[in-house]
Amino acid sequence: MSTSVSTSAAAGAAASATPVPVLSYSPVVLSVPGRPVDLQLRVTAPATGTGLPVILLSHGHGPSNNLSSLNGYAPLADSWAAHGFVVIQPTHLTSRTLSHLVADAPGAPDFWRSRAEDMTHILDRLDVIERTVPQLAGRIDPTEVALAGHSLGGFTAALLLGAGLTDPDTGDLVHLVEPRIKAGVLLAAPGRGGDVFNGPMAEQWPIIGAVDFSTMTAPALVVAGDKDDSRHFTDMGPDWHTDPYTLAPGPKTLLTLFDAEHGLGGIAGHDAAETTDENPERVAALARLSAAYLHAQLLPGATTWQAACDALTTGPDAVGRVASK
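The model shown is predicted, which means the values in this text are computed figures rather than measured ones.

A look at the overall build of the protein chain
Part 1: Of the regular secondary structure elements, the protein chain holds nine helices and 12 strands.
Part 2: Computed over the C-alpha atoms, the radius of gyration of the protein chain is 18 Å, within 12% of the 20 Å expected from 2.2 N^0.38 for a compact globule of 325 residues.
Part 3: A principal-axis box enclosing the C-alpha atoms of the protein chain has dimensions of 60 × 50 × 35 Å.
Part 4: Put simply, the protein chain has 325 residues, and 55% of those count as buried.
Part 5: When contacts within the protein chain are restricted to residue pairs at least 6 apart in sequence, those whose partners lie at least 24 apart make up 72%.
Part 6: For the protein chain, the exposed surface amounts to about 13100 Å²; the carbon and sulfur share of it is 52%.
Part 7: Measuring between centres, the 18 positive side-chain charges of the protein chain sit 5 Å from its 33 negative side-chain charges.

In structure tokens form, the structure reads like this:
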């Protein structure tokens, strides 16, 4: 490739071409002052290409011992990397892999502020990460950054994309927006608080219902399963998970996946026993659609999003439906 090719063109070629082999490296260890344990990351990247955009991936809080860590979400991380993104996955302090180390640490058990701060630490030290991962130095475009999060990770993503949060301890309105993040993907994210936040887990996790989506102005793809009925938090039904689309200002896009439950077909791990709606085809479609959306957001003028929607959300075999505002 000629050195005269622009960064955007290089990234666009990588993101739209045939999937390429990927490299996965872990742990990358970042020491963070005041954090009770080091911040550990997995980095998954295409084996070729330069000017590569970045996806930060925030894990959820599921029942598995390791999927809620840098070791989870391989179905998404591998696919996104194969289509031209560098995927960086931190192990947040909520991970079960750290429970024995951080149970009494400040911020436990939800570590809502720390989860968001993990992503800022990563962006602050992208150059260190690049130098640490073999064959990655000089290949990242630090100006093209997106964020994805599943479940509790979707909550974290909402904060970084601009949503406000009322601190349950102080009553203060907190904003943790990260302006270096240009777009996001919220996967089965929690919805509103208030009267509908009435399930048995609501009292244990009040922070989940403390989010104000009205200031979440960054572009985002909200992904919700039409069978994702989170009765432990609300009796509102699956529509609760569309709140980050419904209650936030545009530009936003909603992808409703047909027959999908909270695991969205199994995004947390290959053959994960906790997945109640295992469907590899759904996972593959979601990976393609989300990559195409972020490609279009980070590289204006790209046609990948429309092409993916035409292929996967129209006709008798559609995996879901799309709405935008």
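Digging into the sheet that holds strand β6 (residues 164–166)
Part 1: The three strands are arranged β7-β6-β9 in an open sheet whose pairing can be described as antiparallel. Since the sheet does not close on itself, it has two edges, and those belong to β7 (173–175) and β9 (211–212), each with one partner.
Part 2: Pairing between β6 and β7: three bridges, direction antiparallel. Across the sheet, the residue bridging to Thr166 is Leu173, located in β7.

Notes on the pattern of salt bridges
Part 1: The final tally for this structure, using the stated rule, is nine salt bridges.
Part 2: Linking Glu144 and Lys182 is a salt bridge whose minimum nitrogen-to-oxygen distance equals 3.3 Å. Of this pair, Glu144 sits in strand β5 (residues 140–150) while Lys182 is found in the loop between β7 and β8 (183–187), placing the two residues 38 residues apart along the sequence.
Part 3: Take Glu144: its relative accessible area is 10%, and that puts it in the buried class.

So, the nonpolar core
Part 1: Membership of the largest hydrophobic core comes to 52 residues, with the highest contact counts inside it found for Leu56, Val86, Ile88, Ile122, Ile129, Phe155 and Ile208.
Part 2: Elements represented by at least two residues in this core include exactly β1 (22–30), β2 (39–46), β3 (52–58), β4 (86–90), α4 (112–124), α5 (126–132), β5 and α6 (152–160).
Part 3: In terms of residue count, the dominant contributor to this core is α6 (six residues).
Part 4: The contact partners of Leu56, leaving out residues within four places of it in the chain, are Ile88, Met119, Ile122, Leu123, Val145, Ala146, Leu147, Ala148 and Ile181.

What about α4?
Part 1: Over its 13 residues, α4 extends 19 Å from the first C-alpha to the last, a length consistent with the 18 Å expected when each residue adds 1.5 Å.
Part 2: Here α4 has its buried residues at Trp112, Ser114, Arg115, Ala116, Asp118, Met119, Ile122 and Leu123.

Brief notes about the packing of α4 against α6
Part 1: The interhelical angle for the contact between α4 and α6, taken along N-to-C directions, is 65°, at an axis separation of 9 Å. One element, α4, and the other, α6, form an angle in the roughly perpendicular class. When the axes of α4 and α6 are compared, the crossing they make is right-handed. When α4 is examined against α6, the residues Trp112, Arg115, Ala116 and Met119 are found in contact with a partner set consisting of Leu152, Gly153, Phe155, Thr156, Leu159 and Leu160.

Describing unusual backbone geometry
Part 1: In the segment running from Ala108 into Pro109, the intervening peptide bond is cis, with an omega of 0°.
Part 2: Along the chain, Pro109 falls in the loop between α3 (99–102) and α4.
Part 3: The peptide bond linking Gly250 to Pro251 adopts the cis configuration, its omega dihedral lying at 5°.
Part 4: The phi dihedral of Ser151 falls on the positive side, at around 60°, and the residue is not glycine.
Part 5: Within the fold, Ser151 resides in the loop between β5 and α6.
Part 6: Its identity is not glycine, yet Ala188 carries a phi of approximately 50°, on the positive side.
Part 7: Position of Ala188 among the secondary structure elements: in the loop between β8 and β9.
Part 8: A relative accessible area of 0% places Ala188 in the buried class.

Re the packing of helix α2 (residues 74–82) against helix α8 (residues 280–298)
Part 1: Where α2 meets α8, the axes come as close as 9 Å, and the angle between the chain directions of the two elements is 45°. In terms of orientation, α2 and α8 fall into the oblique class. Seen from above, α2 lies across α8 with right-handed handedness. Between α2 and α8, the contacting residues are Pro75, Leu76, Ser79 and Trp80 on the first element and Val283, Ala287, Ser290 and Ala291 on the second.

Observations concerning the side chain of Thr234
Part 1: Turning to its location among the elements, Thr234 is positioned in the loop between β10 (220–225) and α7 (243–246).
Part 2: In terms of polar contacts, Thr234 uses its side chain to reach the backbone amide nitrogen of Met236, at 2.9 Å.
Part 3: Non-local contacts of Thr234, meaning those with residues more than four positions away in its chain, are made with Val196, Asn198, Gly199 and Trp240.

Cut-offs and rules
- Residues numbered from 1 in each chain as written.
- Predicted model: local features only at pLDDT ≥ 70, side-chain atom pairs only at ≥ 80, totals over all residues.
- Heavy atoms only, no water.
- Helix = DSSP H or I, 4+ residues; strand = E, 2+ residues; numbered from the N terminus.
- Rg over C-alpha atoms; globule rule 2.2 N^0.38 Å.
- Buried < 20%, exposed > 50% of the residue type's maximum accessible area, 1.4 Å probe, protein only.
- Contact = heavy atoms within 4.5 Å.
- Areas by Shrake-Rupley, 256 points an atom, 1.4 Å probe, with all protein chains shown as cover.
- Lys, Arg positive; Asp, Glu negative; His and termini not counted.
- Charge placed at Lys NZ, Arg CZ, Asp CG, Glu CD.
- Pairing = 2+ DSSP bridges.
- Salt bridge = Lys/Arg side-chain N within 4 Å of Asp/Glu carboxyl O.
- Core = buried A, V, L, I, M, F, W, Y, C linked by side-chain atoms within 4.5 Å.
- Expected span 1.5 Å × (residues − 1).
- Axes fitted to C-alpha atoms, helices over the stretch in contact; angles between N-to-C directions.
- Parallel < 35°, antiparallel > 145°, perpendicular 65-115°, else oblique.
- Left-handed = near helix turned anticlockwise from the far one by under 90°.
- Polar contact = N/O pair within 3.5 Å; in protein donor to acceptor, adjacent residues only side chain to side chain.

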